Amino acid sequence: MIVQLITAVILSAALLLMSWAVFRTLKRPMPRTLIPLIIGGTAIGYGIYSEYTWESRTLDKMPESIVVAETYAGTSAFSPWSYLFPRNDRLMLVDKATILRNPDHADYAMVDLLLMQRFSPVAKVRQLVDCRNEKRADLTTEPEFDEQGLPINLDWKELDASNRLLELTCY
């Protein structure tokens, strides 16, 4: 967040200096009311740019094994334009390189989900996906297993057949 503040200050100063140079070249005095307009407009403009490009800039830095499972749009009273044009400020990513399967139980896939939110640390959640029954369970603790090697006492959540998590881990 401090980087954004520094960037906004530098951009505002650069635009202010360019405006001053234009008025100097035209041999006219720069209106004093233009200074806060340039500074405020540049800071707000850079803030909007940064909000709406966060997702693409973040995904560009990811390895190819990371795939977007779901995006979550957000709005804010501090960004009233976000009610008209919601921005993606949370991502659920699947690391396809971490998908594990037990050959004895091919219907189950264990995968690491990366939960990302702007200005927050990345949360990593291990999921067990039952591909045949279209459901998933969090593996936040070490699960217990039955004699067949299947997990027991998990809190399973039903998934739609069109769920992107099923598509990425099972097919």
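Residues numbered from 1 in each chain as written. Predicted model: local features only at pLDDT ≥ 70, side-chain atom pairs only at ≥ 80, totals over all residues. Heavy atoms only, no water.

## Overview of the overall build of the protein
Then, in step 1: Across its full length, the protein carries three helices and nine strands.
Then, in step 2: For the protein, the N- to C-terminal ordering of α and β elements is α-α-β-β-β-β-β-β-β-β-β-α.
Then, in step 3: Taking 2.2 N^0.38 as the reference for a compact globule, 171 residues should give roughly 16 Å; the C-alpha atoms of the protein span a radius of gyration of 24 Å, well beyond that estimate.
Then, in step 4: Its C-alpha atoms give the protein principal-axis dimensions of roughly 85 × 30 × 25 Å. (Helix = DSSP H or I, 4+ residues; strand = E, 2+ residues; numbered from the N terminus. Rg over C-alpha atoms; globule rule 2.2 N^0.38 Å.)

## Here we look at the pairing of strand β4 (residues 105-117)
Then, in step 1: Note that strand β2 (residues 87-95) and β4 share five bridges and pair antiparallel. Directly across from M92, in β4, lies its bridge partner L115.
Then, in step 2: For strand β3 (residues 100-102) and β4, the ladder comprises three bridges, and the chain directions are antiparallel. Bridge pairing links R101 to A109 in β4.
Then, in step 3: What sits between the antiparallel neighbours β3 and β4 is a turn of two residues.
Then, in step 4: One ladder, built from eight bridges, connects β4 with strand β5 (residues 123-130); its direction is antiparallel. Bridging from a neighbouring strand, V111 pairs with Q127 of β5.
Then, in step 5: What sits between β4 and β5 in their antiparallel hairpin is a turn of five residues, with F119 showing a positive phi close to 65°. (Pairing = 2+ DSSP bridges.)

## Looking at a nonpolar patch on the surface
Then, in step 1: Together, I2, V3, L5, I6, V9 and I10 make up a nonpolar patch on the protein surface, roughly 600 Å² of accessible area in all.
Then, in step 2: With respect to the helices and strands, the residue I6 is situated in helix α1 (residues 2-25).
Then, in step 3: Judged by its relative accessible area of 46%, I6 falls in the partly exposed class. (Patch = residues over 30% accessible without salt bridge, like charges linked within 9 Å, V, L, I, M, F, W, Y side chains within 5 Å. Areas by Shrake-Rupley, 256 points an atom, 1.4 Å probe, with all protein chains shown as cover. Salt bridge = Lys/Arg side-chain N within 4 Å of Asp/Glu carboxyl O. Buried < 20%, exposed > 50% of the residue type's maximum accessible area, 1.4 Å probe, protein only.)

## Points about the state of the cysteines
Then, in step 1: As enumerated under the stated definition, the model contains one disulfide in all.
Then, in step 2: Covalent S-S linkage joins C131 and C170, the inter-sulfur distance amounting to 1.9 Å. Here C131 and C170 share a disulfide; its torsion about the S-S bond, -80°, makes the bridge left-handed. Placement of C131 in the loop between β5 and β6 (135-138) and of C170 in helix α3 (residues 164-170) is noted, with a sequence separation of 39 residues between them. (Disulfide = S-S within 2.5 Å.)

## Focus on the confidence of the model for the protein
Then, in step 1: The pLDDT averaged across the protein works out to 90; a share of 100% of its residues lies at or above 70.
Then, in step 2: Across the protein, α1 holds the top mean pLDDT of 94, while strand β7 (residues 144-145) sits lowest at 78. (pLDDT = per-residue confidence, 0-100.)

## Thoughts on the layout of surface pockets
Then, in step 1: Taken as a whole, the largest pocket holds about 330 Å³ of empty space.
Then, in step 2: Lining of the largest pocket is provided by 17 residues; of these, M110, L128, L139, P143 and F145 occupy positions nearest its centre.
Then, in step 3: Taken together, the elements giving at least two residues each to the lining of the largest pocket come down to β3, β4 and β5.
Then, in step 4: Per-element tally for the lining of the largest pocket: the top contributor is β4, with four residues.
Then, in step 5: Across the lining of the largest pocket, the residue classes break down as ten nonpolar, four polar and three charged. (1 Å grid on protein atoms, 1.4 Å probe; cavity = no way out; pocket = protein on both sides within 12 Å on 5 of 7 lines; lining within 4 Å. Points joined across faces, edges and corners; volume = space filled by probe spheres on them. Nonpolar A, V, L, I, M, F, W, Y, C, P; charged D, E, K, R; others polar.)

## Overview of unusual backbone geometry
Then, in step 1: Phi at K27 is positive, roughly 55°, even though this residue is not glycine.
Then, in step 2: Mapped onto the secondary structure, K27 falls in the loop between α1 and α2 (34-60).
Then, in step 3: The backbone of N153 sits at a positive phi, close to 60°, despite the residue not being glycine.
Then, in step 4: Mapped onto the elements of the fold, N153 is located in the loop between β8 (151-152) and β9 (156-158).

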